[in-house]
Amino acid sequence: MVIYVIDDHPLMREAVVMLLRRIRPGSEVVELGQLSSLDKTVAARGEPGLFCLDLRLPDTVGISGVKLLKGQYPQVPLAVISATPAADVEEWCREAGADVYIEKTASAAEIGAALRTLLLADAQAGEAPDGEPKPETRLSKRQKQLIVMLDEGLSNRDIAERLGISEHTVKVHLWRLFRRLGVKSRTQTLHYARMNGLLSQ
């Protein structure tokens, strides 16, 4: 797997690279300072298996980097790691296709746990082609647990405490669940679950 870390801040980029090398030893980690060099680098180093993207790059504005990456590589997991407060842009990033939004103020343990979960979730639950079983028959045990906890009205913090994981990791699980079911919110997830018998009536 080739992992691309795109951040114009050398120290932060190196910290993320070190985390990734611990999480996925043997994977090739490629560092970039801006998006404009991505195409040339992919041609030389190989197709991406994961993107770690900073929002504030010399050649991006707002969430334009997220849109560009998901437009070119819609199936590749994308983690946004940014100094911009989550309250300002997290929802926009998710709607644009990001799999998780992590603030740079998070601890190394939190960032590492979220990236590890994202990589595992992608490996265990790749998107099925047409003709495969319906989405609800391909849910993982954790995803089914999440649906039940959403039905109980638990917040991300409540879910994190119950499962003994970080809120960032909860967000990874939730966003992958949304994508698996083809929905965009908790409300839509619960509607889908009820319509498809995933919750006892």
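Note: the structure precedes this text.
No experiment lies behind these values; they were computed from the predicted model shown. Numbering of residues starts from 1 in every chain and runs along the sequence as written. Selection of residues for local features in this predicted model requires a pLDDT of at least 70, selection of side-chain atom pairs for listing and counting requires 80 or more, and totals for whole chains, interfaces and linings are taken over all residues. As a rule here, side-chain values come from all non-hydrogen atoms in the structure, and water together with hydrogens is ignored.

A. Molecular detail of the pattern of salt bridges. Whenever Lys or Arg places a side-chain nitrogen within 4 Å of a carboxyl oxygen from Asp or Glu, that contact is recorded as a salt bridge. Applying the stated criterion to the full structure yields eleven salt bridges. In this structure, the salt-bridge partner of Glu28 is Arg45, at a minimum N-O distance of 2.6 Å. A residue pair is termed long-range when its members are at least 10 positions apart, and Glu28 in strand β2 (residues 28–32) and Arg45 in helix α2 (residues 38–45) qualify at 17 residues. Note that Arg176 and Asp99 form a salt bridge whose closest N and O atoms lie 2.6 Å from each other. Residue Arg176 is found in helix α8 (residues 167–181), and its partner Asp99 is found in the loop between α4 (86–96) and β5 (100–103); the two are separated by 77 residues along the sequence. You'll find Arg176 and Asp99 in the same group, each marked buried. The helix count covers DSSP runs of H or I at least four residues long, the strand count covers runs of E at least two residues long, and both are numbered beginning at the N terminus. Only protein chains enter the accessibility calculation, which uses a 1.4 Å probe. A residue is then buried if its area is under 20% of the maximum for its type, exposed if over 50%, and partly exposed in between.

B. Spatial organisation of helix α6 (residues 141–151). Burial in α6 covers these residues: Gln143, Leu146, Ile147, Met149 and Leu150. The buried residues of α6 occupy an angular sector of 165 degrees when projected down its axis, which confines them to one face. Elements in contact with the buried residues of α6: α7 (156–163), α8 and α9 (186–195). Looking one or two residues past α6, Gly153 carries a phi angle of roughly 80 degrees, positive in sign. This arc describes the spread of directions from the helix axis toward the C-beta atoms. We call two residues in contact whenever any of their non-hydrogen atoms come within 4.5 Å of each other.

C. Inspection of the environment of Leu53 at higher detail. With respect to the helices and strands, the residue Leu53 is situated in strand β3 (residues 48–53). As a C-alpha pair, Leu53 and Tyr192 span 139 residues in sequence and 31 Å in three-dimensional space. Ignoring sequence-local partners within four residues, the contact set of Leu53 consists of Ile6, Leu35, Gly65, Val66, Leu69, Leu78, Ala79, Val80 and Ile81.

D. Summary view of α2. The complete set of buried residues in α2 reads Leu38, Thr41 and Val42. All buried residues of α2 lie within an arc of 100 degrees about the axis, which places them on one face of the element. Facing away from the buried side of α2, by more than 90 degrees, are the exposed residues Lys40, Ala43 and Ala44. The inward-facing, buried residues of α2 contact β1 (2–6), β2, β3 and α3 (64–72).

E. Highlighting the nonpolar core. Here, nonpolar core refers to any group of buried Ala, Val, Leu, Ile, Met, Phe, Trp, Tyr and Cys residues whose side-chain atoms link them within 4.5 Å. Judged by nonpolar contacts, the single largest core of 43 residues is most densely connected at Leu38, Phe51 and Val66. Broken down by element, the residue count for this core peaks at six residues, all from α8. Among all residues touching Leu38, those that are not within four sequence positions of it are Tyr4, Leu32, Phe51, Leu69 and Tyr73. Counting 22 residues, the second largest nonpolar core, distinct from the first, contains Ile3, Ala79, Leu118 and Leu119.

F. Geometry of the sheet that holds β2. Here, a strand pair is defined by DSSP locating no fewer than two bridges between the strands. As summarised here, the arrangement of the five strands in space is β2-β1-β3-β4-β5, forming an open sheet in which the pairing is parallel. In this open sheet, the two edge strands, each paired with only one partner strand, are β2 and β5. On average, adjacent strands in this sheet sit at an angle of 20 degrees to one another, irrespective of strand direction. Summarising the sheet, β1 and β3 pair through five bridges and their orientation is parallel. In the sheet register, Val2 faces β3, and the bridge partner there is Pro48. The convention used is that axes are lines fitted to C-alpha atoms, helices contributing only their stretch in contact, and that angles between N-to-C directions extend from 0 to 180 degrees.

G. Representation of the packing of aromatic side chains within the structure. Aromatic pairing here means that ring centres of Phe, Tyr or Trp (its six-membered ring) are within 6.5 Å. Orientation follows from the plane angle: under 30 degrees is stacked, over 60 is edge-to-face, and everything else is tilted. Inspection of every chain in the model, using the stated rule, returns two aromatic pairs. Each ring, one from Tyr4 and one from Phe51, has its centre 6.0 Å from the other, and the planes form 45 degrees; the classification is tilted. Here Phe51 lies in strand β3 and Tyr4 lies in strand β1, a separation of 47 residues in the sequence. A relative accessible area of 0% means that Tyr4 is categorised as buried. One aromatic cluster in this structure is built from Tyr4, Phe51 and Tyr73.

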